[in-house]
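# Remarks on the overall topology
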Amino acid sequence: MLDMSSVRHNYVMSRQLSVTQLTYAQEVLVRRTRTLPRRLAGVLAGLVLAAAALVAVAAPAQAASLTQVTGFGSNPGNLAMYAYRPDGLPSGAPAVVLLHGCTQNAAGYFANSGWQKYADQWKFTLIVPQQSSANNSSSCFNWFETGDTSRGQGEALSIKQMVDHARSSYGTAADRVYVSGLSAGGAMSAAMLATYPDVFAAGSVIAGVPYRCATGMVNAFSCMSPGVDKTPAQWGDLVRNAYPGYSGPRPKVAVWHGTADYTVAVANATESRDQWTNVLGVAQTPTSTAQLPASTSLEVYGNDAVRLYRVAGMGHGTPVDPGSGVDQCGTAAAYFLDTICSAYRDALFFGLDRGAGPTPTPSPSPTVTPSPTATPSPTCVTASNYAHVSAGRAYHSGGYAYANGSNQRMGLYNTFHTTALRQTAPNHWIIGC
């Protein structure tokens, strides 16, 4: 998420892609001949070529491609804008903003993330901002700088101006704009949801961190790992303070994280869950859970207001699943990890499969089964976090203890921090008795 050349993390892109445009030219040569038959042949050849030229002019435009857009606004964050508009895009179509990770670029994220497949299928625009090394030496969005993550300032305002351009120039539906990002882009996705809840209807944070986890380079690394522990209310206040006085609807949020992510600690997934459930006014206990492909667990909070996906054994990257299946997408590459197609799940969560209507109904949770209800006399144990882990009621990661099943963070993994855990099902524990 930062300049890994000067610290322990080292991002390397597997390939660089660039966007090119093809131009076509046709030259017709008719040579004069001395005999009448050859002259007639030349005339006929000219007519054939002219007819071919007319056909070429009448042919449909070339297939849609990712194209750079200039002049979209004052651009205080000095970002580049790229857009993809599939053929046959109707007026009033939705749009998804995609934010790449460190050392990546717009073309690479567009090509590998899998979003193009669903943009073509369900007809929505993709807006792909691009960071430059002039702003950040590793081309990371500056998620840790307050001047770039505040409403009306820096990179956040540049991204918002891209959305404004899409609305005015493409006819993008004002109430159907979404955002998703990886790592530094995931943290920036959280910043956009916090600072512009009046612009985005929903978003997803992939391998990211909570909004305002860090406010500068000094505390950015501790935010990434081992993570920062705050109460849900403290996290929620950071979002509410991003747009003081706002009382309108808040975007729903999906959080993705690999359980083997050692670049951005897994604890950030739980902290992000705490932040957005608090902002949306729902409990930190899931209302339902599900098991998805690639050993992925899904926890749903409230009336599908927040989703938390934990991809077992996955490291740091965007989950993709190459293939031709309905729920398969993307290309495996550096930081695009072959597990599950996150673009498909997010597209359903955003309601993008429901056409270009202005008010889609909430997308149902895919293959979700209700969580087991608590037994009449649930087991309740109060002990140190060390004792809970030793007894198999919890596990530890990155210096913190987490309750088995609910994955709720219990605090530091030691003998001094005490937690009350209640068993609601076999090997499923929640905080509080």
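Residues numbered from 1 in each chain as written. Predicted model: local features only at pLDDT ≥ 70, side-chain atom pairs only at ≥ 80, totals over all residues. Heavy atoms only, no water.

## Details of helix α9 (residues 342–350)
With respect to burial, α9 is a largely interior element, nine of its nine residues being buried. For α9, the complete set of buried residues consists of S342, A343, Y344, R345, D346, A347, L348, F349 and F350. One or two steps after α9, the chain reaches G351, where phi turns positive at roughly 80°. (Buried < 20%, exposed > 50% of the residue type's maximum accessible area, 1.4 Å probe, protein only. Helix = DSSP H or I, 4+ residues; strand = E, 2+ residues; numbered from the N terminus.)

## A closer look at the sheet that holds strand β17 (residues 409–412)
As summarised here, the arrangement of the three strands in space is β15-β16-β17, forming an open sheet in which the pairing is antiparallel. Because the sheet does not close on itself, it has two edges, and the strands there are β15 (394–397) and β17. Going across the sheet, the axis of each strand differs from the next one's by a mean of 25°, ignoring polarity. Bridge analysis of β15 against strand β16 (residues 400–403) gives four bridges, and the strand direction is antiparallel. Residue pairing in the sheet places S397 in a bridge with Y400 of β16. (Pairing = 2+ DSSP bridges. Axes fitted to C-alpha atoms, helices over the stretch in contact; angles between N-to-C directions.)

## Re empty space enclosed by the protein
Going through the model one piece at a time under the given rule, you end up with one cavity of 30 Å³ or more. Looking at the largest cavity, its volume works out to about 40 Å³. W143, T149, A187, A191, V209, P210, Y211, R212, C213 and A214 are the residues that line the largest cavity. Split by residue class, the lining of the largest cavity holds eight nonpolar, one polar and one charged. (1 Å grid on protein atoms, 1.4 Å probe; cavity = no way out; pocket = protein on both sides within 12 Å on 5 of 7 lines; lining within 4 Å. Points joined across faces, edges and corners; volume = space filled by probe spheres on them. Nonpolar A, V, L, I, M, F, W, Y, C, P; charged D, E, K, R; others polar.)

## Looking at the state of the cysteines
The full count for this structure, using the stated rule, is three disulfides. There is a disulfide in this structure between C102 and C140, and the S-S distance comes to 2.0 Å. When the S-S torsion is 125°, as for the bridge of C102 with C140, the disulfide is right-handed. Of the two residues, C102 is situated in the loop between β3 (95–99) and α2 (106–112) and C140 in the loop between β4 (125–130) and α4 (154–170); the sequence distance between them amounts to 38 residues. Assigned by exposure class, C102 and C140 land together as buried. Each sulfur of the disulfide joining C213 and C223 lies 1.9 Å from the other. A torsion of 130° about the S-S bond marks the disulfide between C213 and C223 as right-handed. Linking C213 in the loop between β6 (202–206) and α6 (217–224) with C223 in helix α6, this pair joins segments that are 10 residues apart in sequence. No difference in accessibility class separates C213 from C223, as the two residues are buried. (Disulfide = S-S within 2.5 Å.)

## Some details on unusual backbone geometry
In this model, S225 is joined to P226 through a cis peptide bond whose omega is 10°. In this structure, P226 sits in the loop between α6 and α7 (232–240). At N78, a residue that is not glycine, the phi angle is positive and equals roughly 55°. Position of N78 relative to the elements: it lies in the loop between β1 (67–69) and β2 (80–84). Judged by its relative accessible area of 45%, N78 falls in the partly exposed class.

## Considerations on the pattern of salt bridges
Taken as a whole and judged by the stated rule, the model has nine salt bridges. We note a salt bridge from D237 to R240, for which the minimum N-O separation is 2.9 Å. Residue D237 and its partner R240 are both found in helix α7; the two are separated by three residues, about one turn of the helix. Classification of D237 by relative accessible area gives partly exposed; the value is 38%. By relative accessible area, R240 is classed as partly exposed at 29%. A salt bridge links D304 to R307, with the shortest nitrogen-to-oxygen separation between them at 2.9 Å. Across this residue pair, the class does not change: D304 and R307 are buried. A single salt-bridge network, built from bridges that share partners, covers D229, E271 and R409. (Salt bridge = Lys/Arg side-chain N within 4 Å of Asp/Glu carboxyl O.)

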